[in-house]
Amino acid sequence: MNDEAKKQLANIDSREEPLKPKDRIAIPTQEMPTQDPIERGKDFTEVATGYTAEQAQLESIRCLQCKTAPCIAGCPVGINIPGFLKAASEGNFEKSVQIIKESSLLPAICGRVCPQETQCQEPCTVGKALKDVEQAVSIGRVERYVADLERDNGIVTPAVKSKTGKKVAVIGSGPAGLVVAADVRREGHDVTILEAFHKPGGVMVYGIPEFRLPKAIVQTEIDTLIAMGVELKTDFVVGRTRKLKDLIEKDGYDAVFVATGAGLPRFMNIEGENLVGVFSANEYLTRANLMKAYDRENADTPIIQSRKVAVLGGGNVAMDSARTALRLGAEEVHIVYRRTEKEMPARVEEVHHAQEEGIVFHLLENAKSILGDDQGLVTGMECLRYELGAPDESGRRRPVVIEGSEFIMDVDTVIVAIGNDSNPLIKQTTPEIECNKWGNIIVDDTGKTSMDCVYAGGDIVLGAATVILAMGEGRRAAASINALLA
Amino acid sequence: MNRIIETTQLSDDVFKLIVDAPLIAEERKPGQFIILQIHDDGERIPLTIADGNSKKGTITLIFQAVGRSTHMLANFKVGDEIAHLLGPLGTPTHIEKFGHVVCVGGGIGVAPMHPIAQGMKVAGNKVTIIMGARNKELMVLEDEMRTIADDLIICTDDGSHGRKCLVTEPLKELCENDPKPDLAVAIGPPIMMKFCAETTRPYEVHTLVSLNTIMIDGTGMCGGCRVSVGGKTKFVCVDGPEFDGHKVDFDNMMLRLGAYKKREADDHHKCHIELGIDWTADKG
Ligand SMILES: Cc1cc2nc3c(=O)[nH]c(=O)nc-3n(C[C@H](O)[C@H](O)[C@H](O)COP(=O)(O)OP(=O)(O)OC[C@H]3O[C@@H](n4cnc5c(N)ncnc54)[C@H](O)[C@@H]3O)c2cc1C
Ligand code: SF4
Ligand code: FES
């Protein structure tokens, strides 16, 4: 792939007249280099290995520099996309990443996990011209390349203004929390991150697996924060170790940012769901990722040795669970989803990768009950078939059960990946904070909650959403906190 | 942080640690627990807080060496640090003046019972304590419980101390009294709690049990600790650990607890060899 990219770049360089839009569109999309599908199913190393410099440059040249820049409108944090692509197309990758960083603090992460095909790449003119969103400019891949290059060269610790004497507590160390810590610390305020787990990073370390987002990338972000003087207290559950109110009243924090995420797994509420061998995706992934159970010989935390696994759901969480099960040695892994592939909320790339790796997709099917033996072990799953009916309020066609379509799927493990609700701990222990009926914290348009000096953002406000939205919310709240403390 | 101040071996495989943990000591209430890891990637072990001293900033943990991690913890010395200690977790015991409260502690379950019995006493209840163990050597905290109890009943399986019977026998007798107890609290092995609940059920004596399921995060995020209570799925780490014993599906809970049993048995054996613990001294 790279030789081809080199050749094309040389051709472009040797041209007399500048490239016309139709020449740019004619450049083929640069494919993402990936590991072999069969080989990669055996370990947890990253699947997509990343563009080369030539690929990144060539892909950037495909951008038409549209005046209207519909891509920017599609980006939740409004990154100057044509700007950073222009710099990259000129081979100025350093400038390119700095342009991204004006709006996004976590480009190496977002380049990997953002659902670009429904955000910036969806409205891209190039993709529209070619009538295929997969042929749009691969904005995310270029973003990842320039961010990785910066990291390889050593990230320069951002400057911190002189000490203000003000203190801010950030609860939770997922993307929302990390971004607030960075933005608030830069203004010279003392920042302490309080994290319940023994390691920082939130879903990015306990949920999203290594083969999709290497832990080292998240760790770099945390190392940078520490270098900026942010204090990190792990093993600290706000609400239990300390009440949120006490952080302000007893410990003297001037502001608090709540970013506790959507950590409350939903179950199906079907018979057999508490059998041995039924897991929430959160439990399965946490055992595998955070607790390193994939290292069966050395890890202290065990994980089940499965033969045949069914994963319920069609989002990123489901894809991650299925592909993790495969890597842990399952012979067969099935994804069971009650709508069709088109409705799957997962990133398209993850669905492709899962299919390549041999995950079996059962569409328009769903679990009815889980069957077990007298030892309480899963022996199978009773399923129902569905067909698509009229659209529901989300605009997606509602799946309708086909009566009498029951059949049994032979599995010994079931992973439930049908979504998360908000973690209720803060709500239960802080009556002053107002929540909606789903338990999400209510904030105004500055990110402030109903409690003075307390802000919130990320999944605890939005419900299970995305890294980039969590980051966007974090930046908004950080700006409000900085204004409050100025 | 989390430095060990004092260690005591209470019986063959039961150990007591006093740990420096000021924040937890300040906030903890009866019925709550902690989760610890002995190293960065260590297994997460939930242990009920047996006692605490907010002035000294210490908490007391009492545990039985059963798996790889608890065996290693048993080998910790004064001055060693526990890598990670999270808490206090769970909903505290609801303590008020009920009248006559019967506290039933089986084996190591006497440890978490201690602060609850103490709290009940301070709240003005008449407290009867039933303590059970396989034999005299395995009985822990007897002196501490004696100072709290209005009545203390000791039972052992082999009759080496107190009455030779199961804890359910004196519990049944108490339920038959008029007036019957106002509340029973049972903490111990799941099978014991199940039979305590069965014992009190016909007498309609409200019975609390404290569940110790497998846990990971302890904050309600993973659902690994879930149990069925009155037909509804509950998370022990946030909704519990205490539940109405008459509503808990103990059979399902015991099956779930056994999920990694084989691995635990292997570990137990391996640990005794690796750590040089006398295998013959262990009856567990
Ligand atoms: C398996 C999986 C795959 C995903 N894949 C993608 C993807 O490909 N692309 C994408 O954009 N998004 C993805 N998401 C969603 C994305 O990860 C989340 O939207 C994002 O992480 C939310 O960030 P956050 O900062 O709000 O919270 P989180 O990342 O959830 O972090 C919250 C943190 O707060 C801590 N915490 C909770 N309660 C307390 C407390 N009381 N005291 C102290 N600390 C506390 C938690 O331990 C956690 O570390 C995925 C999610 C999962 C589970
Ligand atoms: S829409 Fe596509 S072609 Fe147009 S500026 Fe954005 S990335 Fe470039
Ligand atoms: S231990 Fe994870 S939800 Fe209770």
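Residues numbered from 1 in each chain as written. Chains lettered and ligands numbered in written order. Predicted model: local features only at pLDDT ≥ 70, side-chain atom pairs only at ≥ 80, totals over all residues. Heavy atoms only, no water.

Enquirer: Help me out: how do you make sense of the overall build of chain A in this one?
Expert: From N to C terminus, chain A includes 20 helices and 16 strands. Overall, chain A is about 75 × 60 × 50 Å in size when its C-alpha atoms are taken along their principal axes. Looking at chain A as a whole, 58% of its 486 residues are labelled buried. Restricting the contact set of chain A to residue pairs at least 6 apart, pairs at least 24 apart contribute 69%. Accessible surface, chain A: about 19,600 Å² in total, of which carbon and sulfur atoms supply 51%. Side chains of chain A give 56 positive and 71 negative charges; the mean places of these two sets differ by 4 Å. (Helix = DSSP H or I, 4+ residues; strand = E, 2+ residues; numbered from the N terminus. Buried < 20%, exposed > 50% of the residue type's maximum accessible area, 1.4 Å probe, protein only. Contact = heavy atoms within 4.5 Å. Areas by Shrake-Rupley, 256 points an atom, 1.4 Å probe, with all protein chains shown as cover. Lys, Arg positive; Asp, Glu negative; His and termini not counted. Charge placed at Lys NZ, Arg CZ, Asp CG, Glu CD.)

Enquirer: For this particular structure, what's the right way to read the site of ligand 2?
Expert: Looking at ligand 2, the residues that line it are Cys63, Leu64, Cys66, Pro70, Cys71, Pro82, Leu85, Cys124, Thr125, Val126 and Ile139 of chain A. Counted by class, the shell around ligand 2 contains 10 nonpolar, one polar and no charged residues. (Near = heavy atom within 4 Å. Nonpolar A, V, L, I, M, F, W, Y, C, P; charged D, E, K, R; others polar.)

Enquirer: What is the right way to look at helix H15 (residues 281-288) of chain A in this model?
Expert: Note: α-helices contain 3.6 residues per turn, so residues at a spacing of three or four share the same orientation. The buried count for H15 of chain A comes to eight of eight residues, which makes it a mostly enclosed element. Every buried residue belonging to H15 of chain A is among Ala281, Asn282, Glu283, Tyr284, Leu285, Thr286, Arg287 and Ala288 of chain A, and all of these are buried.

Enquirer: Whenever I open this one, the site of ligand 1 confuses me. Can you help?
Expert: Residue and element names in this part refer to chain A. As a matter of local geometry, ligand 1 sits amid 33 residues, with Val113, Glu195, Arg212, Val238 and Asp459 nearest to it. Val113 has a polar backbone atom sitting 2.5 Å from a nitrogen atom of ligand 1. The separation between an oxygen atom of ligand 1 and a polar main-chain atom of Gly202 is 3.5 Å. Coverage of ligand 1 by the protein amounts to 95% of the 1,000 Å² it exposes when considered alone. Put simply, the parts of the chain that give the shell around ligand 1 at least two residues each are helix H11 (175-186), helix H16 (316-327) and helix H20 (467-485). (Polar contact = N/O pair within 3.5 Å; in protein donor to acceptor, adjacent residues only side chain to side chain.)

Enquirer: Teacher, can you tell me more about the interface of chain B and chain A here?
Expert: Interface size is often expressed as the accessible area that is lost when the parts come together. Counting residues at the interface gives 43 residues for chain B and 45 residues for chain A. Summed over the three residues of chain B that lose the most area to chain A, namely Met221, Arg226 and Tyr260 of chain B, the buried surface amounts to 19% of that side. Linking chain B to chain A there are 18 residue pairs in polar contact (both at pLDDT 80 or more). If you list the elements that add at least two residues to the side of chain B that touches chain A, you get helix H1 (22-27), helix H2 (68-74), strand S6 (84-89), strand S13 (226-229), strand S14 (232-235) and helix H8 (250-257) of chain B. In terms of residues, the side of chain B that touches chain A owes the most to one element, S6 of chain B, which gives six residues. Of the residues assigned to the side of chain B that touches chain A, the class counts are 16 nonpolar, 16 polar and 11 charged. (Buried area = accessible area lost by both parts, 1.4 Å probe.)

Enquirer: Before we go on, may I ask you to explain the nonpolar core in this structure?
Expert: In summary, soluble globular proteins display a tendency toward joint burial of nonpolar side chains. Within the largest apolar cluster, 76 residues are counted, with the highest numbers of intra-cluster contacts made by Ile81, Phe84, Ile109, Phe257 and Ile481 of chain A. For this core, the element with the highest residue contribution is H20 of chain A, accounting for eight residues. Apart from the residues lying within four places of it in its own chain, the contact partners of Ile81 of chain A are Cys71, Ile72, Cys75, Cys120 and Ile139 of chain A. Core analysis: the next-biggest nonpolar cluster, separate from the first, contains 52 residues, Val278 and Leu425 of chain A together with Val104 and Cys165 of chain B among them. (Core = buried A, V, L, I, M, F, W, Y, C linked by side-chain atoms within 4.5 Å.)

Enquirer: Mind showing me how you'd approach the packing of aromatic side chains here?
Expert: Residues and elements named next belong to chain A. Going through the model one piece at a time under the given rule, you end up with six aromatic pairs over all chains. Each ring, one from Phe44 and one from Phe211, has its centre 6.1 Å from the other, and the planes form 45°; the classification is tilted. With Phe44 in the loop between helix H3 (37-40) and helix H4 (53-61) and Phe211 in the loop between helix H12 (203-206) and helix H13 (215-227), this residue pair connects regions lying 167 residues apart in the sequence. Take Phe44: its relative accessible area is 11%, and that puts it in the buried class. Accessibility expressed as a relative area gives 1% for Phe211, which makes it buried. Ring plane angle 75° and centroid distance 5.0 Å describe the contact between Phe93 and Tyr145, whose orientation is recorded as edge-to-face. (Phe/Tyr/Trp six-rings, centres within 6.5 Å; stacked < 30°, edge-to-face > 60°.)

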